[in-house]
Amino acid sequence: MKVRDKAVSRRSALKAGALGVGAVAAGAAAVGGATVAAAAGGGGAAVAAAPQALSSLPTVVDLSTLAGTDPLPVPAAYQVKPFALTQVALAPSLFTAKRDRMLNYARQYSADRMLSNFRRTAGLDTLGAQPPGSWDDATGNLRGHYSGHFLSLIAQAWAGTGEQVFKDKLDYLVAELAKCQTALAATGLYSHPGFLAAYPEDQFVKLEAYTTYPTIWAPYYTCHKIMAGLLACHRLGGNAQALEILKGMGDWVYSRLSKLPNAQLQKMWGMYIAGEYGGMNEVMVDLYALTGKADYLACAKLFDNDVLLNACAQDNDILNGKHANQHIPQFMGYIKTFDQTNEQRYYDAVENFWDMVVPHRMFSHGGTGQGELFRARDGIVSTISTDTNAETCACYNMLKISQELFFHTPDAKYMDYYERGLFNQILGSRRDADSATDPLVTYMLPIGPGVTRGFGNVGTCCGGTGLENHTKYQEAIYYQSADESALYVNLYVPSTLTWTSKNFTVTQATNFPLEGSSTLTVEGTGPLAVKLRVPFWVRKGFVVTVNGADQKVSATPGSYVTISRTWAPGDKIEISMPLSLRLETAIDDKATQSIFHGPILLVARDNASTYKNFGFYKDMTLDQGLEKAVTPGATPGFFSTAGLVLAPMYVGTTERYHAYFKRAEPKIAFGGVDSGVANPALADKTTFLDAVWAQAPFTGKDHLVETVMETSSAWVDQGRLSRADRQKVLLAVAKAKV
């Protein structure tokens, strides 16, 4: 769809009618997924198994035999490196339920529809196939981008399952795109024979003349999606032809940009949406790493957006008002440029940028942005709107950057954020239903009061990243140290790692996040350090045993513990990390909070468009436990409080919900005993009870009473509490049953 008003966002265009393509397909026989939860507190199934709409079981290739699945050359700066997608197999869980729905879409969606715009532009027969639609319709200025994401989807599906249907589709798509590239070159109309796009070269020409959005629409963004998809087809699918097409495109990009003065490039990259280029610098660095051709690295640096790059390198936060997903992917290119050049400013910029977003612009589910833009630092509640918060693409790219930073500096904070974003926004962005014509993913994942999710998004940016999100869940469960002496267990997800070079197989069995435990079974012999992430949300009781023997680890939340030994076949590592209910407070408003169970954001189901008020202090236990106020529901993972259902964020339904609530503690009360005294507050909204409970956990009731005595004395001295009211408060805490 073409947007006529420059001030209209892509989200507005979407709401104007770009959604609603396709219908939900009828379910077929369920294969490869388990029902994770049944009826969800009046809201239907929590996460049900996805059907595989095939008349017979698919032809599957042994993943260990796949060629072309090696990662890119490992940079010297890496302390940690990933495993290939083929090396990690998911076991039935809420992840496979979501994944299998997307695989069903990938199997059935027509490859010819994805090729339609390319063939039409190249003057080839479209075979009667219509393009996907929405932003990727026959005339849209972003056409071709969704097809690029589809290439990545198919490559990831092949690497993750070994199903021949995906390899066949991958090879067909690549071969047909090669024909399009050849046909375009044969016309003599284009500046370089490597040009490949689903529209003519005019958008790139117009960008160089500073034509604004929406007259043009991010031509290099679209180029990146196509190139990234081809790269995935080569790396994950072993398709050599994809690399040849990709090199031609890289040569074409360099031939255009290398002729332009830096001042012109800077103006281009500073333009709103028109100058958006996705991860062009990232894919050009990857192409350089694969081929060694210096032009590609030089081309990557031509995408340097100096104003933002230099500011972030100097830790100068200028993000306010910038389009979030226009700029986040640029930092993936910067960190990869650092890997190839060792120019420190690139790394510093990425590290500082990440810290500017997390937690300073992060919503409770891991998302960021309002109206697609970064807002002021530490502005969380002040930027919450109805349905324009947290573009899903932004989370997709923040997770990518988190991984890259961890490879360089294995700080658990990056994986803590990764877990938050993956288990909440990414899982929650896929509807728990099936369609062969619609990806059923979100554009925004809103967090305002009484919002709902808009699933669909054929042809949109978040529809494209959504294709990828749900077919690469296994990528960050395990990492290895660069010297292969250590295994990092980052996420607690049922899966099996096949580590061929070390002759180890590690199988993880867990019902996390419904239960706070996991068991790793090791098959193989030899020395290995196993590093287990201690999530930041673990309050106490992180225990590790090996073959039943307590390892007496010193577990600090937000770190890793290491178990080093010579392993034998059948060795078992059992991890206990008790899940607890906890509250998180918004940075800019202490009275606005979210409730979690372990890493999982719980959203209150209610149609009201104003915040719900919850109070917890009167029922809080000495260790800040909420168990007396928040009770488990009939469905695992669900809870209730104040008569409302609290559902896991990952449950993909259209019911209205509240991700944040207002904390209402009007009276000072302890253990069910109300003092009758109003709960006074400071200018920053810190209340008396906040001040008391900030010193928890308490070792016993005496510790609580002592804290109340000291705090109340100080508030009397400050004139915030009368002496008579203090006596009522002390009497209440003395009677409290905590």
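Residues numbered from 1 in each chain as written. Predicted model: local features only at pLDDT ≥ 70, side-chain atom pairs only at ≥ 80, totals over all residues. Heavy atoms only, no water.

Okay, the pairing of strand β23 (residues 644-648) next. Of all five residues that make up β23, four are buried, and the element is covered over most of its length. Sheet topology places strand β19 (residues 600-605) next to β23; three bridges connect them, and they run antiparallel. Looking across to β23, one finds that Val603 is bridged to Ala647. Linkage of strand β22 (residues 639-641) to β23, two consecutive antiparallel strands, is achieved through a turn of two residues, within which Ala642 is found at a positive phi near 50°. (Buried < 20%, exposed > 50% of the residue type's maximum accessible area, 1.4 Å probe, protein only. Helix = DSSP H or I, 4+ residues; strand = E, 2+ residues; numbered from the N terminus. Pairing = 2+ DSSP bridges.)

Counting residues in hydrophobic clusters, the biggest one holds 225 residues, and the most contacted among them are Tyr220, Leu532 and Phe670. Those residues within four positions of Leu532 in sequence are excluded, and the remaining contacts are Val489, Tyr492, Leu520, Val544, Ser559, Tyr560, Val561, Ile563, Ile573 and Ile575. (Core = buried A, V, L, I, M, F, W, Y, C linked by side-chain atoms within 4.5 Å. Contact = heavy atoms within 4.5 Å.)

Its 18 residues place the ends of helix α8 (residues 240-257) 26 Å apart at the C-alpha level, agreeing with the 26 Å of an ideal helix rising 1.5 Å per residue. By the burial criterion, the buried members of α8 are Ala242, Leu243, Ile245, Leu246, Gly248, Met249, Gly250, Trp252, Val253, Ser255, Arg256 and Leu257. On its buried side, α8 packs onto α5 (164-187), α6 (202-208), α7 (219-235), α9 (262-269), α10 (280-291) and α11 (294-301). The N-terminus of α8 is capped by Asn239, whose side-chain oxygen sits 3.0 Å from the backbone nitrogen of Gln241. (Expected span 1.5 Å × (residues − 1). Polar contact = N/O pair within 3.5 Å; in protein donor to acceptor, adjacent residues only side chain to side chain.)

According to the stated counting rule, one finds 37 salt bridges in the structure shown. A salt bridge links Arg256 to Glu201, with the shortest nitrogen-to-oxygen separation between them at 2.8 Å. Residue Arg256 is located in helix α8, and its partner Glu201 is located in the loop between α5 and α6; the two are separated by 55 residues in the primary sequence. Judged by relative accessible area, which is 12%, Arg256 ranks as buried. (Salt bridge = Lys/Arg side-chain N within 4 Å of Asp/Glu carboxyl O.)

This part takes up the sheet that holds strand β12 (residues 526-534). Within the open sheet, the five strands sit side by side as β3-β7-β8-β12-β15. Their pairing is mixed. The open sheet has two edge strands, β3 (80-82) and β15 (559-567), and neither has a second partner. In this sheet, adjacent strand axes meet at a mean angle of 30° when their direction is disregarded. (Axes fitted to C-alpha atoms, helices over the stretch in contact; angles between N-to-C directions.)

What follows is about the confidence of the model for the chain. Looking at the chain as a whole, its pLDDT mean stands at 91, while 91% of the residues score no less than 70. Contacts from residues 1-45, a stretch scored under 50 in pLDDT, to residues over four places away or in other chains number 110 contacts. Below pLDDT 50 for its whole length, residues 48-56 participates in 34 contacts with residues either more than four positions away or in separate chains. (pLDDT = per-residue confidence, 0-100.)

Taken together, the six bridges between strand β10 (residues 504-510) and strand β11 (residues 517-523) define a ladder with antiparallel strand orientation. Paired with Thr507 across the two strands is Thr521, which belongs to β11. Where β10 folds back on β11, the antiparallel hairpin that results is connected by six residues. Bridge count for β11 against strand β16 (residues 571-576) is six bridges, and the pairing is antiparallel. For Leu520, the partnering residue across the bridge sits in β16 and is Ile573.

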